[in-house]
Amino acid sequence: MEILLLGNETLKEKARPVKQFTAETVKNAEEMIALMHAGKGVGLAGPQVGLMERIFVTHVDGDVPRVFINPSILETSEKTVRYEEGCLSIPGVYAEVTRPEKIKVQAWSEKGKAFTIQAEGILARVILHEYDHLEGTLFIDRLSKLARSRVIAKYEKRKRVS
Ligand code: NI
């Protein structure tokens, strides 16, 4: 597995539901967690590694690593917050994105166990960011046109330098 970067069309595609929980599902989740840790990220979604399945992993400060398969966002708070986001597929650039403050999400673990959690703060933000990846949406797609083009220009510039 390797992380696909901005410009790769796969990142714009919608992921398919996981139909069967197998040893492969567990292996995918483990590899994604390892890759997320290696990249010092707080979340990673299937499409970011070319795995077009509805799976993502998270690991925010003070929390345990989590795996979400076939997730549904059941509730989102009216209250929203603006906070800086980045993405392992767009390394080195950050921008403020507005998202609901609290959410309720239902999903399955890599072993096929269903669960529902309420999340707020950074975890809620990361879950929503990763969920977007399953729909082919990047955080920069949630910015104004101007902010989006600024972020892309900065990313391109950074890419040329490195
Ligand atoms: Ni991302």
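Right above here is the structure, for reference.
Throughout, residues of each chain are indexed from 1 in the direction in which the sequence is written. Side-chain atom pairs in this predicted model are given and counted only at pLDDT of 80 or more, local residue features only at pLDDT of at least 70, and totals for whole chains, interfaces and linings cover all residues. Side-chain numbers come from the whole structure's heavy atoms, not from hydrogens or water.

A. View of the coordination of the nickel ion. The nickel ion binds to the protein through Cys87 (SG), His129 (NE2) and His133 (NE2), with metal-donor distances spanning 2.1 to 2.2 Å. In the primary sequence, the donor residues of the nickel ion line up as C-x41-H-x3-H. Highlighted residues: Cys87 in the loop between strand E4 (80-85) and strand E5 (95-100) and His129 in helix H2 (residues 121-134), separated in sequence by 42 residues. Remark: exposure states derive from per-residue accessible area (1.4 Å probe, protein chains only) relative to the maximum for the residue type, with buried under 20%, exposed over 50%, and partly exposed in between. Relative accessible area serves as the criterion here: at 6%, His129 is assigned to the buried category. Metal sites are built from N, O and S donor atoms within 2.8 Å, or 3.2 Å for Na, K and Ca, and they leave out water, so they may look incomplete. What counts as a helix is a DSSP run of H or I of at least four residues, what counts as a strand is a run of E of at least two, and both are numbered from the N terminus.

B. Spatial organisation of the side chain of Arg54. Considering the arrangement of structural elements, one finds Arg54 in the loop between strand E1 (43-45) and strand E2 (55-58). Classification of Arg54 as buried rests on a relative accessible area of 9%. Here a polar contact is recorded for every N or O atom pair within 3.5 Å, except that within protein the pair must consist of a potential hydrogen donor and a potential acceptor, and residues adjacent in sequence are included only if both atoms are side-chain atoms. Polar side-chain contacts of Arg54 include one of 3.3 Å to the backbone oxygen of Leu134. Non-local contacts of Arg54, meaning those with residues more than four positions away in its chain, are made with Lys14, Ala15, Arg16, Pro17, Val18, Phe68, Ile69, Asn70, Pro71, Tyr131, Leu134 and Glu135. Contacts were defined at the residue level, with two residues in contact if any of their heavy atoms lie within 4.5 Å.

C. The nonpolar core, seen in detail. Put simply, buried Ala, Val, Leu, Ile, Met, Phe, Trp, Tyr and Cys residues joined by side-chain atoms within 4.5 Å make one nonpolar core. Among the nonpolar cores identified, the biggest contains 17 residues, and Phe56, Phe68, Ile103 and Ile127 are the most heavily contacted of them. When contributions to this core are tallied by element, the ones reaching two or more residues are strand E6 (102-108), strand E7 (114-120) and H2. Looking at which element gives the most residues to this core, the answer is H2, with seven residues. Residues within four places of Phe56 in sequence aside, it is in contact with Met32, Leu44, Ala45, Arg66, Val67, Phe68, Pro71, Ile127, Glu130, Tyr131 and Leu134.

D. Local environment of the layout of surface pockets. Here a cavity means grid points, on a 1 Å grid over the protein atoms only, where a 1.4 Å probe fits yet cannot get out; a pocket means an open set of points with protein on both sides within 12 Å along at least five of seven lines; lining residues are those with an atom within 4 Å of a point. Grid points are joined across faces, edges and corners, and a volume is the space filled by probe spheres set on the points. Estimated volume of the largest pocket: approximately 490 Å³. For the largest pocket, the lining is made up of 25 residues, of which Gly41, Val42, Gly86, Cys87 and Tyr94 are closest to its centre. Considering every element that reaches the lining of the largest pocket, the biggest residue donor is H2, with six residues. Under the grouping applied here, Gly and all other residues not named as nonpolar or charged are polar, the nonpolar ones being Ala, Val, Leu, Ile, Met, Phe, Trp, Tyr, Cys and Pro and the charged ones Asp, Glu, Lys and Arg. Along the lines of polarity and charge, the residues of the lining of the largest pocket split into 11 nonpolar, eight polar and six charged.

E. Examining helix H1 (residues 23-38) more closely. Its 16 residues give H1 an end-to-end C-alpha distance of 23 Å, which sits within 8% of 22 Å, the value for a rise of 1.5 Å per residue. Within the sequence span of H1, burial applies to Thr25, Asn28, Ala29, Met32, Ile33, Leu35 and Met36. Buried residues along H1 cover an arc of 165 degrees about the axis, so they all sit on one side. Facing away from the buried surface of H1 by more than 90 degrees, the exposed residues are Ala23, Glu30 and Ala38. Those residues of H1 hidden inside the fold are in contact with E1, E2 and strand E3 (66-76). Capping the start of H1 is the job of one residue whose side-chain oxygen sits 3.2 Å from the backbone nitrogen of Glu24: Thr22. A positive backbone phi angle near 55 degrees is found at Lys40, which sits one or two residues after H1. Under the convention used throughout, the expected extent of a helix is 1.5 Å for every residue step, that is, one less than its residue count. To be clear, the arc concerns the directions from the helix axis to the C-beta atoms.

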